[in-house]
Each structure stands twice: as C-alpha cells, then as structure tokens.
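Topology and contacts: notes
So you can see what is in the structure, the chains are spelled out below.
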Amino acid sequence: MKWTCVIVEDLQVAADYLVKCCEKSGLLQVKGHFTNVEQALEYLNKNSVDILFLDVEMPGASGFDLLDQLAYYPKVILTTSKSEYAYNAFEYNVTDFLKKPFTYQRFQEALNKLTTAAGDNNISSTATDHIFIKCDGKLVRLNNDDILFIESMGDYVKFVTPDKKYITHNTIKNLEEKVNRLTFIKVHRSYIININKIDDIRENDLFIKGNEIPVSKAHKADVLKRLNII
Amino acid sequence: MNGSNFSKKFIFNEKIDSEYLYSLYEDDYQYIEEIFQTTLTHFDEDFKGIQRAYETDNLSDLKKAIHKMKPTFGFVGLPLVQNICRDFEDFCQKATSSNELTSEYQQIVVTLAESKELIASEYNKLKEFNSNIL
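Residues numbered from 1 in each chain as written. Chains lettered and ligands numbered in written order. Predicted model: local features only at pLDDT ≥ 70, side-chain atom pairs only at ≥ 80, totals over all residues. Heavy atoms only, no water.

**Examining the overall build of chain B**
What counts, and what does not: Helix and strand assignments come from DSSP, with helices taken as H or I runs of at least 4 residues and strands as E runs of at least 2, each series counted from the N terminus. Think of it in three bands: with a 1.4 Å probe and only protein chains considered, a residue is buried below 20% of the maximum accessible area for its type, exposed above 50%, and partly exposed in between. Any pair of residues with heavy atoms lying within 4.5 Å of one another is described as a contacting pair. Areas reported here follow the Shrake-Rupley algorithm with a probe of radius 1.4 Å; residue values treat only the protein chains shown as occluding. Here the positive residues are Lys and Arg and the negative ones are Asp and Glu; neither His nor the chain ends is included. In plain terms, the charge of a residue is placed at NZ if it is Lys, CZ if Arg, CG if Asp and CD if Glu.
On a plain count of helices and strands, chain B comes out with five helices and zero strands. Here the C-alpha coordinates of chain B stretch approximately 55 × 20 × 20 Å along the principal axes. Counting across all 134 residues of chain B, residues that qualify as buried make up 51%. When contacts within chain B are restricted to residue pairs at least 6 apart in sequence, long-range pairs at least 24 apart make up 66% of them. Total accessible area on chain B is roughly 6700 Å²; 47% of this is exposed by carbon and sulfur atoms. Both charge centroids of chain B, one from 14 positive and one from 23 negative side chains, sit 2 Å from each other.

Put into structure tokens, the structure is as follows:
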C-alpha cells in the first residue's frame, strides 16, 4: 500500500519535480498539489494524508502557519531554498529538510528517514542497505545491491546473488515487510525481486541474469510503475 | 530522471551548469525540456511580481517574490543566478526602502532578463534535439 501525500509549493517547476520524484519512488500517491496554505488547509482538514511536502515561504501564510493550524500531524518534509529554516524544522519535528533543487537520491534519503520515523513494523526495517539472514548456523550479511531476487521454497526462501544462493527458514510474506521497499518489490506470491536488477520483461515474466521470474497479474501494474519506462 | 541514456549527448550552453542538471535529471532530455518549458511559462509572471513590488516600494513582497523565483534557476542549471537571487534577497532583508536597492535591483533585473533569454534559447535547442531523437 502506498503512502498518501500532498504537496504545498508555490513554484510550479518545483511542484512538478516533486510529483515526478514521488511517482518514481513507487511508494507515494500524490493526492494533491496546492500553491498556498489556505487551499491546502481546506483540503487537509477534510482529508487525512500520511505525508506533507511543505514549502515554507509562500504568498500569504507560511508553511509553519499551516502546521500550526492543522488538526492532525502528518509526517512533514520541508522543501525550501533557505537553510535558515533548519532550526524551525527541528522545532516542528519535521522528518527532513530538502533544499531546492534536490537530487532524486536526496529525495530517497528523505523517504528512508520517513520509513524510520514512521515506526511502522511494516516499514521500519526497510531503510537499511543490507540485511542479515540465518544461514548454515550463522548470521550472514547480504547487501541489498548483491541480491538479485528472493524465491519461496515452501517454509524456506532462497536468496539469489550473482555468486551464490542462500537458503533460510522464512516466508516471502514475512520478507515483503522486512526488505527495503525502495529496492525490492514483490512480483509474485513466490518472488521478491531487486527492482534494479531486471534485464528485461516479456509478457508475464521478467528476466534477471538469465533467471526467468513470473510476474502475477496482481503485481504487474505495480512493477511497471516502478520502471523507468520512457 | 528516467535515465534514458541516449547515446547522443545534448550540448548545453556553457553558462548552464550541465553537470548540475545531470545530477538532477540524469540524461532525461525530454524531462529537462519539460522543466525548461514550465520555467518559461511562469517566468514573466514571477518577474513582474518582482518589478511590481519594487515599484510600489513593498519590500516584504519584493523579498517574497525573489525568494519564490530563486530556486527556479537551480532547476534549469543556473545555480550562480540562484545565488545572485539569494544575495538580493539578503539585501531586501536589510533594506528599509526600495531606494536603497536601486543599484542591486538594476543589476538583478538585467541578470533575470538575460537568464530568461538563455533558458528560452536552450529550451528551443532541447525541443529540436528531442524531436530529432523521437
């Protein structure tokens, strides 16, 4: 399930860029973009969202005024061009502070902070770049970037890397909630794949380093959304 | 942004910090074209906001207007112009009347006008480049 977010930003080019970043992440659903605090408040007081991307200086009221008036407190990422707001950001307990313009990598870092800050069991462990698995009587560290895909084998799963396969007692359902959601995606009830390792996709299968992996109908749309299709 | 990896590389004007642009959008020239187009669409309105605020001696609006426009230049690979805007914003913060800003204002108006010309020229080149690729 995606997080819902709203963008409050008076600079169109910045808002468009943020929308693009949100779409690219595959984790966020943009519910709206507002160019001033009044419009945003009207929406936010009627609709609850998970995340607020908030500019500080806008015509009329400021982003901090909006936070003062909100009936609830979503996770907030400030987007501004002034680093001087860092102290206020701290006071308002915002999750991160993006100085415009920012790279997609920096945006991803902010999302990682969100997953940690959310304290959600489904996502709290997803911010790291590695995992440890129990294998052959020891804990083995696997870097996310080394994992091609994870395959279900009944009560066990197989982690496939370019050099080696690791079998451990676990389930895809459990792992789906534990792995980094920026890197991994479930494509089938029996497979989680590293989104960065796909070589090609044909109909209902995808290929990673010569391995053919089925993509179920239920997951296909999500997978395609995560790809940089031009 | 989409990492389109065209084999052909667009040559930006030397005043544009292309490395900075690539750090934001990779070599997604279609998207860079969109960014330039959006910037141009809103440029005159934002520029007029600055001029109006200066002419009516409204320092608060002048500061807000330049603050709003400032990051635009970062998005189109002109971080130096973004810094010039930041400096002007600082001047506005310290000034008590727009008369104190005459010289800086005249300079920034020229910088903004030149920047618009550059953005428009690059946009046209990008459009042509992308249409040739497609």
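Having put the structure on the table, let's press on.
**Brief notes about the sheet that holds strand S14 (residues 205-208) of chain A**
All names here are of chain A. Quick reminder of the rule: Any two strands are treated as partners once DSSP identifies two or more bridges connecting them. Each axis is a line fitted through C-alpha atoms, taken for helices only over the stretch in contact, and angles between the N-to-C directions span 0 to 180 degrees.
Pairing in this open sheet of three strands is antiparallel, and the strands run S13-S14-S15 from one edge to the other. Strand pairing shows two members of the sheet lacking a second neighbour, strand S13 (200-202) and strand S15 (211-214), which therefore form its edges. The mean inter-strand angle of the sheet, taken between neighbouring strand axes irrespective of direction, is 30°. When S13 meets S14, the two strands line up antiparallel, connected through three bridges. Bridge assignment links Ile201 to a residue of S14, and that residue is Leu206.

**Quick word on the confidence of the model for chain A**
What counts is decided by this rule: pLDDT runs from 0 to 100 and stands for how confident the predictor is about each residue.
For chain A, the mean per-residue pLDDT works out to 86, and 93% of the residues sit at or above 70. In the predicted structure, residues 120-127 of chain A sits below a pLDDT of 50 and forms 21 contacts with residues beyond four places in sequence or in another chain.

**Comments concerning the interface of chain A and chain B**
The condition that has to hold: Buried area: the accessible area, evaluated with a 1.4 Å probe, that two parts lose upon being put together, summed over both parts. One speaks of a salt bridge when a side-chain nitrogen belonging to Lys or Arg is within 4 Å of a carboxyl oxygen belonging to Asp or Glu. By the criterion applied in these results, polar contacts are pairs of N or O atoms within 3.5 Å in which, for protein atoms, one can donate a hydrogen and the other can accept it, and in which residues neighboring in sequence qualify only through two side-chain atoms. Polar here means any residue outside two lists: the nonpolar Ala, Val, Leu, Ile, Met, Phe, Trp, Tyr, Cys and Pro, and the charged Asp, Glu, Lys and Arg; Gly therefore counts as polar.
Listed per partner, the contact involves 24 residues of chain A and 26 residues of chain B. Both faces considered, chain A and chain B share a buried interface measuring about 2200 Å² in area, 63% of it formed by carbon and sulfur atoms. Among the residues chain A hides against chain B, the three largest losses belong to Val13, Lys20 and Pro101 of chain A. Together they make up 26% of the total. Connecting chain A to chain B are one salt bridge. At the boundary of chain A and chain B, one finds three residue pairs in polar contact (both at pLDDT 80 or more). Here the side of chain A that touches chain B takes eight residues from helix H1 (residues 12-25) of chain A, the largest share from any one element. Across the side of chain A that touches chain B, the residue classes break down as 11 nonpolar, six polar and seven charged.

**Side note on the sheet that holds strand S2 (residues 28-34) of chain A**
Residue and element names in this part refer to chain A. Taken together, five strands build an open sheet; the order of strands is S2-S1-S3-S4-S5 and the sheet is parallel. In this open sheet, the two strands that pair with only one neighbour each are S2 and strand S5 (96-99). In this sheet, adjacent strand axes meet at a mean angle of 20° when their direction is disregarded. In the sheet, strand S1 (residues 3-8) pairs with strand S3 (residues 51-54) via four bridges, with the strands oriented parallel. Within S3, the residue paired with Ile7 across the bridge is Phe53.

**As for the side chain of Thr80 of chain A**
Within the secondary structure, Thr80 of chain A sits in strand S4 (residues 75-80). A relative accessible area of 0% places Thr80 of chain A in the buried class.

**Some details on the nonpolar core**
Rule in force here: Buried Ala, Val, Leu, Ile, Met, Phe, Trp, Tyr and Cys residues that are joined via side-chain atoms within 4.5 Å together make up what is termed a nonpolar core.
Ranked by internal contacts, the top residues of the largest apolar core, which has 65 residues, are Leu28, Phe53 and Phe107 of chain A together with Phe36 of chain B. The dominant element in this core, judged by the number of residues it contributes, is helix H2 (residues 29-55) of chain B, at 11 residues. If sequence neighbours within four positions are ignored, Phe53 of chain A has contacts with Cys5, Val6, Ile7, Val8, Leu18, Cys22, Leu28, Ile77, Thr79 and Phe107 of chain A.

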